[in-house]
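Letter by letter, the chains look like this.
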Amino acid sequence: MRIAVPNKGRLHEPTMDLLERAGLHVEETADRQLYADTVDPDVSVLFARAADIPEYVADGAADLGVTGLDQARESGQDLADLLDLGFGRCRLVLAAPEDGDITEPGDVAGRTVATEFPRITRDYLAERGIDAEVVEVTGATELTPHVEMADAIVDITSTGTTLQVNRLAVVDEVLASSVRLFARPDVVDDPKVGEVETAFSSVIAADGKRYLMMNAPSDRLEDVKDVIPGMGGPTVMDVADGEEDHVAVHVVVDERDVFGVISDLKSVGASDILVTEIERLVE
Ligand SMILES: Nc1ncnc2c1ncn2[C@@H]1O[C@H](COP(=O)(O)OP(=O)(O)OP(=O)(O)O)[C@@H](O)[C@H]1O
Ligand SMILES: O=P(O)(O)OC[C@H]1O[C@H](OP(=O)(O)OP(=O)(O)O)[C@H](O)[C@@H]1O
Ligand SMILES: [Mg+2]
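Residues numbered from 1 in each chain as written. Chains lettered and ligands numbered in written order. Predicted model: local features only at pLDDT ≥ 70, side-chain atom pairs only at ≥ 80, totals over all residues. Heavy atoms only, no water.

For the rest of this paragraph, the subject is the overall build of the protein chain. Across its full length, the protein chain carries eight helices and 15 strands. Relative to the compact-globule value of 19 Å for 283 residues, the protein chain shows a C-alpha radius of gyration of 25 Å, a clear excess of over 25%. When the 283 residues of the protein chain are sorted by exposure, 45% land in the buried category. Counting only contacts in the protein chain whose residues sit at least 6 apart along the sequence, the fraction spanning at least 24 positions is 68%. Between the centroid of the 24 positive side chains of the protein chain and the centroid of its 58 negative side chains there is a distance of 3 Å. (Helix = DSSP H or I, 4+ residues; strand = E, 2+ residues; numbered from the N terminus. Rg over C-alpha atoms; globule rule 2.2 N^0.38 Å. Buried < 20%, exposed > 50% of the residue type's maximum accessible area, 1.4 Å probe, protein only. Contact = heavy atoms within 4.5 Å. Lys, Arg positive; Asp, Glu negative; His and termini not counted. Charge placed at Lys NZ, Arg CZ, Asp CG, Glu CD.)

This part covers the UniProt feature "domain: ATP phosphoribosyltransferase catalytic" (unreviewed entry) in the protein chain. In the numbering used here, UniProt assigns the "domain: ATP phosphoribosyltransferase catalytic" (unreviewed entry) feature to residues 49-189. Structurally, residues 49-189 is divided into 21% helix and 33% strand, and its ends, taken at the C-alpha atoms, are 26 Å apart. (UniProt positions renumbered as here; feature names shortened; annotations may be inferred.)

With that settled, consider the domain arrangement of the protein chain. For the protein chain, the domain assignment lists domain 1 (2-88 + 178-205), domain 2 (90-177) and domain 3 (209-277). With eleven residues of domain 1 in contact, the opposing surface of domain 2 contributes ten residues. Both faces combined, the contact of domain 1 with domain 2 buries some 800 Å², and carbon together with sulfur accounts for 52% of it. Looking at the side of domain 1 facing domain 2, the largest losses of area belong to Asp70, Arg73 and Glu74, adding up to 64% of the total buried there. Here domain 1 is connected to domain 2 by zero salt bridges. Taken together, the links from domain 1 to domain 2 amount to five residue pairs in polar contact (both at pLDDT 80 or more). The leading source of residues in the side of domain 1 that touches domain 2 is helix α3 (residues 69-75), at six residues. (Domains from an automatic or database assignment. Buried area = accessible area lost by both parts, 1.4 Å probe. Salt bridge = Lys/Arg side-chain N within 4 Å of Asp/Glu carboxyl O. Polar contact = N/O pair within 3.5 Å; in protein donor to acceptor, adjacent residues only side chain to side chain.)

Moving on, we get to the site of ligand 1. Within the structure, ligand 1 sits among Lys8, Gly9, Arg10, Leu11, Gly68, Asp70, Gln71, Gly88, Arg89, Cys90, Ile156 and Ser158. A distance of 2.7 Å separates an oxygen atom of ligand 1 from a polar atom in the side chain of Asp70. When the free accessible area of ligand 1 is taken as 610 Å², the share hidden by the protein chains comes to 70%. Its atoms largely coinciding with the cavity grid, ligand 1 occupies the largest pocket. When the residues that make up the shell around ligand 1 are grouped by side-chain class, the tally is three nonpolar, five polar and four charged. (Near = heavy atom within 4 Å. Areas by Shrake-Rupley, 256 points an atom, 1.4 Å probe, with all protein chains shown as cover. 1 Å grid on protein atoms, 1.4 Å probe; cavity = no way out; pocket = protein on both sides within 12 Å on 5 of 7 lines; lining within 4 Å. Sits in = over half its atoms within 2 Å of the grid points. Nonpolar A, V, L, I, M, F, W, Y, C, P; charged D, E, K, R; others polar.)

Here the focus is the site of ligand 2. For ligand 2, the full set of nearby residues is Arg10, Glu142, Ile156, Thr157, Ser158, Thr159, Gly160, Thr161 and Thr162. One of the backbone N or O atoms of Gly160 is found 2.8 Å from an oxygen atom in ligand 2. A distance of 2.4 Å is found between an oxygen atom of ligand 2 and a side-chain nitrogen or oxygen belonging to Thr162. Bound to the protein, ligand 2 loses 57% of the 500 Å² it would expose on its own. Among the elements of the structure, β9 (152-157) and α5 (161-165) are those that each provide at least two residues to the shell around ligand 2. Looking at the shell around ligand 2 residue by residue, the class counts come to one nonpolar, six polar and two charged.

With respect to the helices and strands, Thr144 occurs in the loop between β8 (133-136) and β9. Here Thr144 falls in the buried class, since its relative accessible area comes to 3%. Within the structure, Thr144 has its side chain in polar contact with the backbone oxygen of Thr141 (distance 2.7 Å). For Thr144, the contacting residues outside a window of four places in its chain are Ala114, Val137, Met149, Ala150 and Ile153.

Another aspect to go through is the side chain of Lys192. Assignment of secondary structure puts Lys192 in helix α6 (residues 191-206). Contacts of Lys192, omitting those with residues within four sequence positions, involve Met1, Asp40, Asp42 and Val43.

This next bit is on the pairing of strand β11 (residues 179-183). Most of β11 is tucked away, with five of its five residues classed as buried. Along β11, one buried face is formed by Val179, Leu181 and Ala183 and the opposite face, lined by Arg180 and Phe182, is buried too. When strand β4 (residues 64-68) meets β11, the two strands line up antiparallel, connected through five bridges. Across the sheet, Gly65 pairs through a bridge with Phe182, a residue of β11. (Pairing = 2+ DSSP bridges.)

This is the structure:
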């Protein structure tokens, strides 16, 4: 089983981090530029440009691929979208000069749209019956409306800073994108693919969750349960060799609830409260 991952750019580090946290440590080797083994002898990694990953997966050079939905759509390849990995969130938008006369999608009819995503752009225009010329560029798309190369663009935006700096306004959203785990359709039922998917999803499920452990007086257990906004009920255990009137309570809670829950727990008599991170959570 081979996974194609971004070799550089903004998607590289978060992808390597995810592999590590999923227990698929990537071995450091001399030719790490191209291929690397992981601690699992059945799983190796192929490093490739984010834009090339859909082709590599479709052609069989890799079985799985980690890249943006925008790249998968632009490739036109038929890939199974297995899992949203939650990073690389951005929007592909139709944008035009702030002070210009393009304020709705139909206004680009008969005009020129510059983009690094010609397939997505043509599909978008065709779906709306808008007849516009699409010019493919390979970067600095935001500049093209200012040098008479284009009247509008379709490009990535996230904070909006780049559009703003270039005095461009969003006319319409073309695609909401994030990084996904993609598979070639013929391997989706392979048990190893399921293993990788579970490993990745367990990391994502654990993100933003904390594990709380505490001691509580047995007769306050119902009060403790009432203040815990846990996933499922808490696990309650007798304290070995401990005071008989106390139990140990373990529960998973959202990170954002921890602060409030701790003071609530103390007020209903819980003590020795421990908060720990969770590496992985298989639901
Ligand atoms: N500003 C952004 N915020 C969030 N995600 C982004 C942003 N820009 C790009 N992405 C996502 O990252 C993917 C890869 O972007 P891109 O191919 O531009 O690589 P890069 O990380 O910018 O490196 P380089 O452009 O140097 O190759 C895009 O297809 C998109 O899914
Ligand atoms: O809305 P913003 O937060 O400003 O982000 C949008 C910008 O981010 C990406 O560029 P990137 O930083 O990857 O530079 P690149 O053009 O070199 O790829 C994208 O191509 C936009 O230009
Ligand atoms: Mg970029």
